[in-house]
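Overview (structure and organization)
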Amino acid sequence: MRGRDHHFVTNVSSLLVCGLLAGVAVAAAAFPAVGMSGLAAKAGSEAFASLPSQLKQATAPQLTRVFAADNKTPIAVFYDEFRSDVPLKDIALTMQNAIVAAEDHQFFKHNGVDLKGSVRALVNNNNGGDKQGASTLTMQLVKMSLAYSATSPQEVVDATEDTPTRKVTEMKYAMQLEKELTKPQILERYLNAAPFGNGSYGIYAASQVYFKKTPKDLSVAEAALLASMVKAPSGFDPTTTRGYPKALERRNWVIGNMRDLAYITPEQATAATKVKLARTAQRAGNGCAAVKANNWGFFCDYFYRWWLSRPEFGQTPYDRERRLKSGGYRIQSSLDIKAQKAARKNVADRLGTDDRDALLIAAVQPGTGRVRALAANRRYSLDTEKNEWSSDPKKAAKKVRATYPNTTNPLLSGGGDIKGYQAGSVFKMFTMVAALENGYPLAYPINTTYRYKSGYRDNGQASCGGGYWCPTNAAKGEQGSFNMWTGFGASVNTYFVPLEESVGAEKVVDVAQRFGVQFREPTELDMATKHAKDWGAFTLGVSASTPLDMANAYATLAADGKYCAPTPVQQITTLKGEKLDVGKPHCRQATKPDVARAAIDAARCPVGDYAQLGSCSGRTAGSARGIIGHPIFGKTGTTDHDKTASLIISTTSITVAGYLVNPDYQNHPYRLSHDNVNPAVWETVRDIMKGKPKDQFKKPSGNKIAEGEQRSIPDVECLSVAAATSKVKNAGFTVGVGTEVASSCPKGQAAGTAPDGRTIKGGFVSIQISQGPDKPKKDKAKPGGG
């Protein structure tokens, strides 16, 4: 209770307000159908007439629901206040009657103000009596509406402060509101706005929190309890020790009122009062930490970060978050439950959540950019206090926890502290695309050696003298003539570094940028924007990337060269049913269709498929095609000393990228193999594609992009090596001396060329050296007889 204020000025003001209210009451009673300005004039109150009569209609905050791609499976909810409006027809009549019985018996008779009650309460309260309310349901709705429409903290205070002035303001608004809305409309708005405690706002949320049911299914006892709580949700909270007896008493009081008002029969009232009052409430989960299935958490987190990055939802991340948590959106996400289940299972089959290393899988739909799955051997959880210490000794010394088993870091999509991981040779695809764009055909041959002395300056790791960078191949026997089919299939470093050097490293970096690779590390961004022409190691995948980045990059090839920005949503619908364009596929042509189709043809080699335009040799993930059973392309990747392992596989309709990394200690001293990541990726693709058509990849519109301009190679058989070299060089080819082969030509002479017949103009031709003709074997003399 609030005692009487004896300050003279305050008392005089209160008397004036009481006089004003009495005048209003008389006028409203005598002229209920007359406009408010007329009533005020008849009551002799100019002050009352000066109050605004138009109530700002602000929608109460509504929760946002996120569903899977099927638009049925709930993933998560976001809210500041757990509330979701429902129409009156979906609220049990029992609940409608209960709130009237609890809060406003005269609701269906008055015009917004309980005149006798208001006068009695205001006089009593200003004379030091026990606190009385007398606010009608309409006045309570006005109070809530004023609070929700407030644009400053002071407006919130003014809307909720318990003063005579605020009460009179509510009265005028309430009477105006009664002229604009019907009683059922007012009742619907009230039930959707009222607080019911335990984080629930509105009747839908209350029904869920206390009874796990919809408002249309509420019983008499349940409706009576909820109606009894709006007066003081925390005071009448049945889940607390102090609140339980009060809640029980008030619920039964509401039931008695319902009986007295003839809303229920005496028998129904008796039965309802015997219903045991539950002591529990289940607060609704909020945000990504409360997703329906924990392995959906990383996708949910990606959606949340995506939303906060969109200027369409507000000028600042704070504004965008408020919009998400109060806008009442229905969001059909891009998450494919089947794909997600497959990815998570295939991850879990290889590595557990307690494993130091992270197996990360991202799946993207080509042609739309829709992210279909994000899976990791981690639990999405804020509870990281029980995690191991970081495997990085320096971090462990500083008591930094590892990201296993629990983390909310965006391991798959990047952001915050996650800059990405070196993925290795999967980046060679960008070099191949850049070469194709600049006129180099798939058949472009390079005579490779185990070690290649490049024109790039040494990066501190592979110098071979003179300060130049000299990369090597995985094996010393990996040398000789390769083209894009065979070079990509066998992942020959000393094919792609000189190819990048010839095309221009800056053009390779440009392709990667067009295909969506982000440079999150400041030093790498500086290289990409200012020193790209000197970035020779880029083709070997030394730049940090995420599985989502690279899945979407390879999906660009599958989409005929069309890059689509990755998106976690398919459709966003507003509270009013309006469909937004935000999140719809946002695509652009990143390279020509023929370039994409040609690159795919070579990229079929590493994963065990067959090229349509050339011949494969060397397969770094050769089992994939047979396991998946669909036309595929892709690439494996490994960094120096096997610190990471990666595999990307794509069909025409899904692209899956898998990384095996240590996100806590990327420069670790041990080796990671493809034994886990490869099967996890190809089995995920297999599971997603099960039952789907086996669509073949399209061929380029002509053969030139595959074969280039072909020229005949001169016949050099049995010429001297010098003469053969000169003859081939004069025909416009690059010439080198190859290996010795058996030949009928004299030893040391040219035995022929590799390739022979025809090859690309300006291409590499190797002169094969004769070992000399095979000497005929002499027959041994048979033992003679007489």
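That block above? That's the structure.
Source: prediction; values computed, not measured.

Re the side chain of R370
- Within the secondary structure, R370 is located in the loop between β6 (358–364) and β7 (371–376).
- Apart from residues no more than four positions distant in its own chain, R370 is found in contact with S334, A363, V364, Q365, T567, V569, Q570 and P585.

Here's the deal with the pairing of strand β23 (residues 750–754)
- Across the 5 residues of β23, 4 count as buried, placing the element largely inside the fold.
- Sheet analysis places β23 next to strand β25 (residues 764–770), joined by 4 bridges and oriented antiparallel. What sits directly across from G752, in β25, is Q768.

Looking at the environment of N295
- Examined against the element boundaries, N295 turns out to sit in the loop between α13 (266–273) and α14 (297–308).
- Those residues in contact with N295 that sit more than four places away from it in its chain are Q340, R344 and L374.

Details of the nonpolar core
- If you look at the biggest cluster of nonpolar residues, it comprises 103 residues, and the most contacted ones within it are W307, F430, L442, M484, L499 and M550.
- At 9 residues, the largest contribution of residues to this core is made by α14.
- Those residues in contact with L499 that sit more than four places away from it in its chain are T431, A435, Y440, Y444, I446 and M484.
- In terms of nonpolar packing, the next biggest core, distinct from the first, is built from 60 residues, L88, A102, F196 and M229 among them.

Brief notes about the packing of helix α4 (residues 93–103) against helix α11 (residues 220–229)
- Two elements in contact, α4 and α11, have axes separated by 8 Å at closest approach and are oriented at 40°. For the element pair α4 / α11, the angle class is oblique. The way α4 lies across α11 gives a crossing that is right-handed. In this structure, α4 contributes T94, M95, A98, I99, A102 and E103 to the contact, and α11 contributes V220, A223, A224, L226 and A227.

Examining the sheet that holds strand β2 (residues 74–78)
- Pairing is mixed across the open sheet formed by 5 strands, whose spatial order is β2-β1-β5-β15-β16. Both outer strands of the open sheet, β2 and β16 (579–580), are each paired with one neighbouring strand and no more.
- Sheet analysis places strand β1 (residues 64–67) next to β2, joined by 4 bridges and oriented antiparallel. Within β2, the residue paired with V66 across the bridge is A76.

Some points on the state of the cysteines
- According to the stated counting rule, one finds 4 disulfides in the structure shown.
- At a sulfur-sulfur separation of 2.1 Å, the disulfide partner of C564 is C587. When the S-S torsion is 105°, as for the bridge of C564 with C587, the disulfide is right-handed. Placement of C564 in strand β14 (residues 562–564) and of C587 in strand β17 (residues 587–589) is noted, with a sequence separation of 23 residues between them.
- By relative accessible area, which is 3% here, C564 ends up buried.

Quick notes on the pattern of salt bridges
- For the structure shown, the criterion picks out 26 salt bridges.
- One salt-bridge network, held together by shared partners, links D80, E321, R322 and K325.

So, the environment of R251
- With respect to the helices and strands, the residue R251 is situated in helix α12 (residues 243–260).
- By relative accessible area, R251 is classed as buried at 1%.
- For R251 and L226, which are 25 residues apart along the polypeptide, the C-alpha to C-alpha distance reads 8.0 Å.
- The contacts of R251, once residues within four sequence positions are left out, are A221, A224, L225, S228, A272, T273, V275, K276 and L277.
- At a separation of 2.9 Å, a polar atom in the side chain of R251 contacts the main-chain carbonyl oxygen of V275.

Let's talk about the packing of helix α6 (residues 137–148) against helix α9 (residues 183–193)
- Where α6 meets α9, the closest approach of the two axes is 10 Å, and the angle between their N-to-C directions is 55°. Considering their axes alone, α6 and α9 lie oblique with respect to each other. The handedness of the crossing between α6 and α9 comes out as left-handed. In this structure, α6 uses L137, T138, Q140, L141, M144 and Y148 to contact α9, whose residues at the interface are I186, L187, R189, Y190 and A193.

Section: the pairing of β1
- The hairpin turn running from β1 into β2, its antiparallel successor, is 6 residues long, and N71 in that turn takes a positive phi close to 65°.
- By the bridge criterion, 3 bridges tie β1 to strand β5 (residues 330–333) in an arrangement that is parallel. Note on β5: the bridge partner recorded for V66 is I331.

Side note on helix α8 (residues 164–180)
- An ideal rise of 1.5 Å per residue puts 24 Å on 17 residues; α8 measures up with 25 Å between its terminal C-alpha atoms.
- Most of α8 sits inside the fold, with 14 of its 17 residues counted as buried.

Let's talk about the sheet that holds strand β22 (residues 734–741)
- Read across the sheet, 3 strands follow the order β22-β25-β23 without closing on themselves; strand pairing throughout is mixed. If you trace the sheet from one side to the other, it starts and ends with β22 and β23, each paired once. Neighbour to neighbour, the strand axes of the sheet diverge by 30° on average, direction disregarded.

Scoring rules and cut-offs
- Residues numbered from 1 in each chain as written.
- Predicted model: local features only at pLDDT ≥ 70, side-chain atom pairs only at ≥ 80, totals over all residues.
- Heavy atoms only, no water.
- Helix = DSSP H or I, 4+ residues; strand = E, 2+ residues; numbered from the N terminus.
- Contact = heavy atoms within 4.5 Å.
- Buried < 20%, exposed > 50% of the residue type's maximum accessible area, 1.4 Å probe, protein only.
- Pairing = 2+ DSSP bridges.
- Core = buried A, V, L, I, M, F, W, Y, C linked by side-chain atoms within 4.5 Å.
- Axes fitted to C-alpha atoms, helices over the stretch in contact; angles between N-to-C directions.
- Parallel < 35°, antiparallel > 145°, perpendicular 65-115°, else oblique.
- Left-handed = near helix turned anticlockwise from the far one by under 90°.
- Disulfide = S-S within 2.5 Å.
- Salt bridge = Lys/Arg side-chain N within 4 Å of Asp/Glu carboxyl O.
- Polar contact = N/O pair within 3.5 Å; in protein donor to acceptor, adjacent residues only side chain to side chain.
- Expected span 1.5 Å × (residues − 1).

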